[in-house]
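# A look at the structure
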Amino acid sequence: MSRIPAIFQNLRIPVIGSPLFIISNPKLVIEQCKAGIVGSMPALNARPASQLDEWLAEITEELASYNAKNPDHPAAPFAINQIVHKSNDRLEADMELCVKYKVPIIITSLGAREEVNIAAHSYGAVVFHDVINNRFAHKAIEKGADGLIAVATGAGGHAGNKSPFALVQEIREWFDGPLSLAGSIANGNAILATQAMGADFAYIGSPFIATKEARAATEYKQTIVECTSDDIVYSNLFTGVHGNYLAPSIRAAGLDPTALPESDPSKMNFGGETNAKAWKDIWGSGQGIAAVKEITSAAEFVEKLQKEYVAAKKKLWEVTH
Ligand SMILES: Cc1cc2nc3c(=O)[nH]c(=O)nc-3n(C[C@H](O)[C@H](O)[C@H](O)COP(=O)(O)O)c2cc1C
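Let us look at the structure shown here.

Scoring rules and cut-offs
- Residues numbered from 1 in each chain as written.
- Predicted model: local features only at pLDDT ≥ 70, side-chain atom pairs only at ≥ 80, totals over all residues.
- Heavy atoms only, no water.
- Helix = DSSP H or I, 4+ residues; strand = E, 2+ residues; numbered from the N terminus.
- Buried < 20%, exposed > 50% of the residue type's maximum accessible area, 1.4 Å probe, protein only.
- Polar contact = N/O pair within 3.5 Å; in protein donor to acceptor, adjacent residues only side chain to side chain.
- Contact = heavy atoms within 4.5 Å.
- Near = heavy atom within 4 Å.
- Areas by Shrake-Rupley, 256 points an atom, 1.4 Å probe, with all protein chains shown as cover.
- Nonpolar A, V, L, I, M, F, W, Y, C, P; charged D, E, K, R; others polar.

## Some remarks on unusual backbone geometry
Going from arginine 47 to proline 48, the amide bond is cis rather than trans, its omega being 0°. Among the secondary structure elements, proline 48 is positioned in the loop between β2 (39-42) and α2 (51-69). Positioned with a positive phi, isoleucine 22 is a non-glycine residue whose angle comes to about 70°. Position of isoleucine 22 relative to the elements: it lies in the loop between β1 (15-17) and α1 (26-35).

So, in structure tokens, the structure goes:
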């Protein structure tokens, strides 16, 4: 039997559209899934909490109706991201809704908890946990996650500082299950590279900020189009955890991106409005965005990735045969 859960079999390309705080919404998730990649969103994007019920109804109904009309090319499955941090007081209620709607994939971040995995497994969901090092990877699997997301250096939002080569190599020494790799992946060559390295899926976030469906200000989308890795700043000032952000948004907030102070980790809060406000003004982004040349629909971006991925495979075959 394949070690990759059957649910991933109908992906058009081995890509998971990663959850983006504030930005991902049902529209983006639905379009990602219809385009053939896993679509995802943080449960916390639904505000107030009761909106999650409506959003999950919308996603499941829309995808079911699409699948009924397209039995030969069904949509990819979707994922809901849970922030498993003590400051998230919605976790239990949000998980209950995931159980109610049988959300196929649960992505957990900022903490691994057995109860969340047990709840997800109660109806057969697959749980991926995101980690920035091998130690957290071990912990996540011990607590019952099925798969891992290795978040390497250069990833948008909260990110580690490990080379993707080191991280995947260390995890693959002991873990044979489904493994995603995140951090600056933004074109077909990079997707193929994640597989060459030993991972199964490319986990892609920042490029989707510059899509028509994304719930981001037009200036944010345009900044993604215009910036490169030179414009990305790694700091723990805004949430207490290190992450990558767009320098122009830091300057616009009146701060010098080259001289940011350190944060106070005891002030970490991931569920509340203060955190939402920080992310609204300070724009998260990974280093891979030079590959994003224009604002397009999510479907057009996935189409571009697929063409590049096919071309990259062909080129690799030619140079290795
Ligand atoms: C603006 C922004 C918001 C994010 N919000 C979340 C989040 O709420 N939950 C989460 O697990 N990851 C979040 N991430 C991290 C992504 O899921 C993913 O790890 C990252 O985007 C991958 O790197 P890339 O942006 O270079 O593709 C966020 C990333 C960005 C850029």
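## Considerations on the side chain of asparagine 81
Relative to the elements of secondary structure, asparagine 81 occurs in strand β3 (residues 78-83). Judged by relative accessible area, asparagine 81 falls into the buried class, the value being 5%. Of note is the side chain of asparagine 81, whose polar atom sits 3.0 Å from the backbone oxygen of isoleucine 107. Among the polar contacts listed, one links the side chain of asparagine 81 to the side chain of serine 109, at a separation of 2.9 Å. Contacts of asparagine 81, omitting those with residues within four sequence positions, involve Pro19, Met41, Pro42, Ala43, Ile107, Thr108 and Ser109.

## Quick notes on the site of the ligand
By nearness alone, 26 residues border the ligand, and Phe21, Asn81, Ser184, Gly205 and Ser206 come closest of all. Interatomic distance of 2.9 Å between a backbone N/O atom of proline 19 and an oxygen atom of the ligand. Between the ligand and asparagine 81, the relevant distance is 2.7 Å, taken from a nitrogen atom to a side-chain nitrogen or oxygen of the residue. For the ligand, the accessible surface in isolation is 600 Å², of which the surrounding protein chains cover 95%. Contributions of two or more residues to the shell around the ligand are made by β3 and β9 (201-204). Counted by class, the shell around the ligand contains 12 nonpolar, 13 polar and one charged residues.

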